[in-house]
Amino acid sequence: MAKAKTAGKPASGTRKQTHSNAGEILLETRLTREQQLEVFRWMVVNREFDNKISLLYRRGLVIGAAFSSLGQEASSCASCYAVGKDDIIAPMIRNAGATLVKGLPPRDFLANYMYRTNSPTGGRDGNTHMGDLRYGIIAPISMLGCSIALCSGFVLAARMRGEKRVALTWIGEGSTSTGEFHEDVNFAAVMKAPLVVIIENNQYAYSTPVSGQCAAERFADKAIGYGIKHAVTIDGNDANAVYEATKTAVDRARAGEGTQLFEVLTYRRKGHAEHDPAKYVPKELQEYWEGRDPLVRYGAYLKELGYIDDDGIAEMTAKIRADIEAAEEWVMQQPKPDPDTVLQGVYAPERHPAHMDDAHLYEKKYR
Ligand SMILES: Cc1ncc(C[n+]2csc(CCOP(=O)(O)OP(=O)(O)O)c2C)c(N)n1
Ligand SMILES: [Mg+2]
């Protein structure tokens with residue numbers, strides 16, 4: 001069976017118990033009881049939202065690609081929980097959870113997937129490529145790696161204004177093979193940009209397994225080449241471990257220690273998108289990771305601590321489902337964009353001399 005490259009537990013020379021018996025969750029955390037319950041709730045929101053998108057895709061109501069983050073809820077939600085209100089995030093296709101934690105209402109996200117005018121892209125992207133700077137969310141960029149440079153630009157500009165803002169972005173292990181990743185991380189490190197980059201090693205990039213992607217033992221080792229220190233590899237299905245690593249990195253970045261990078265080990269439980277049945281994945285690998293489900297593990301841990309019980313989880317889940325149903329009902333009432341407006345916002349209102357042949361695009365109706 002193909003295995004995760006590195007075990008998630010920190011090395012420990014002592015006898016002190018580092019992880020819970022139930023769920024194997026990191027015990028030492030700065031999160032209070034209420035905060036841990038809140039992180040858990042966000043993970044449930046992430047999963048329920050994911051289920052909804054999957055169903056809507058099957059009903060033909062989502063016509064673009066539908067990207068699942070099933071199994072990556074801890075990596076998305078617990079990391080985003082570690083940034084502040086004024087910080088900025090640049091999520092990728094698996095980070096719906098982070099987008100919701102940062103404050104985008106689920107109905108806006110659903111409206112975007114169902115290409116309605118009342119959505120962040122006004123119905124132009126039936127997908128996840130949308131952001132909203134009112135919540136500090138930069139839209140995912142399709143060209144893999146490019147979000148890192150955008151984040152650097154944002155936080156370096158903030159630094160020039162005297163603001164102590166940090167950016168957090170995620171990148172798939174496959175995307176760390178792009179030239180853009182190397183150029184952008186190098187630039188960020190040289191500029192000491194207050195930026196945190198999390199490599200989400202979910203074992204696959206489309207149909208390419210990690211072994212076909214990188215010969216290094218750990219993706220985090222890429223940090224060495226840029227002089228970035230503390231590039232740990234952690235268990236990405238342990239919400240406390242993800243929170244702790246991100247919080248430490250965010251604090252370091254804010255304190256002026258420069259760009260931070262670390263790797264989380266997790267797993268993409270579905271194919272690349274809903275259209276991909278992922279038949280190339282070995283059954284044993286799938287089963288191994290299903291047994292490491294981040295929600296089940298965190299739930300078991302919270303129950304062991306006595307913070308919640310099965311009834312509490314059922315009640316929480318039912319409430320979240322009802323909210324998502326209500327959001328869907330609202331979205332269904334929203335209009336789809338008028339095709340005649342398709343070029344709005346694409347071209348500058350004034351014709352550039354270089355585009356004198358495009359007169360037909362500048363008719364009044366497109367302005
Ligand atoms: C520069 C670039 N190359 C290729 C693609 C096509 N593409 C989109 S997602 C993807 C796989 C990404 O895998 P990974 O980075 O591991 O992220 P994951 O989907 O596993 O979260 C590819 C090849 C792209 N969008 N941009
Ligand atoms: Mg991947």
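These numbers come from a predicted model, not from an experiment.

Visitor: I keep staring at the overall build of the protein chain and nothing clicks. Help me out?
Guide: Helix and strand counts for the protein chain come out as 10 helices and 7 strands. Seen through its principal axes, the protein chain has C-alpha atoms that stretch 75 × 50 × 45 Å. Buried positions account for 44% of the 367 residues belonging to the protein chain. Partitioning the intrachain contacts of the protein chain with sequence separation of at least 6 by distance along the chain shows that 74% fall at a separation of at least 24.

Visitor: Looking at this structure, I do not really get the domain arrangement of the protein chain. What am I missing?
Guide: Note on interface size: it is often stated as the accessible area lost on association of the parts. Each assigned domain of the protein chain is listed here: domain 1 (33-336) and domain 2 (340-367). A straight line from the C-alpha centre of domain 1 to that of domain 2 covers 36 Å.

Visitor: I keep staring at the pairing of strand 3 (residues 195-201) and nothing clicks. Help me out?
Guide: Within a regular beta strand, the side chains point alternately toward one face of the sheet and then the other, so they alternate between its two faces. The buried fraction of strand 3 is high, at 7 of 7 residues. The two faces of strand 3 match: L195, V197, I199 and N201 on one face and V196, I198 and E200 on the other face are all buried. Bridge analysis of strand 2 (residues 167-172) against strand 3 gives 6 bridges, and the strand direction is parallel. Each bridged residue has a counterpart across the sheet, and for A167 the counterpart in strand 3 is L195. This β-α-β element, strand 2 to helix 6 (residues 179-190) to strand 3, shows right-handed connectivity. Bridge count between strand 3 and strand 7 (residues 260-265): 6 bridges; the pairing is parallel. Within strand 7, the position partnered with I199 by the bridge is E263.

Visitor: In this structure, what is going on with the pairing of strand 2? I would like to understand it.
Guide: For strand 2, the tally of buried residues reaches 6 of 6 residues, placing the bulk of the element in the interior. With burial as the criterion, each face of strand 2 is covered, one bearing A167, T169 and I171 and the other bearing L168, W170 and G172. Of the strand pairs in this sheet, strand 1 (residues 88-90) and strand 2 are connected by 3 bridges, and their pairing is parallel. Looking at strand 2, one finds that A90 is bridged to T169.

Thresholds, definitions, all that
- Residues numbered from 1 in each chain as written.
- Chains lettered and ligands numbered in written order.
- Predicted model: local features only at pLDDT ≥ 70, side-chain atom pairs only at ≥ 80, totals over all residues.
- Helix = DSSP H or I, 4+ residues; strand = E, 2+ residues; numbered from the N terminus.
- Buried ≥ 20, exposed ≤ 12 C-beta atoms within 10 Å, placed from the backbone.
- Contact = placed C-beta atoms within 7 Å.
- Domains from an automatic or database assignment.
- Pairing = 2+ DSSP bridges.
- Right-handed = clockwise from strand over helix to strand, strands pointing away.

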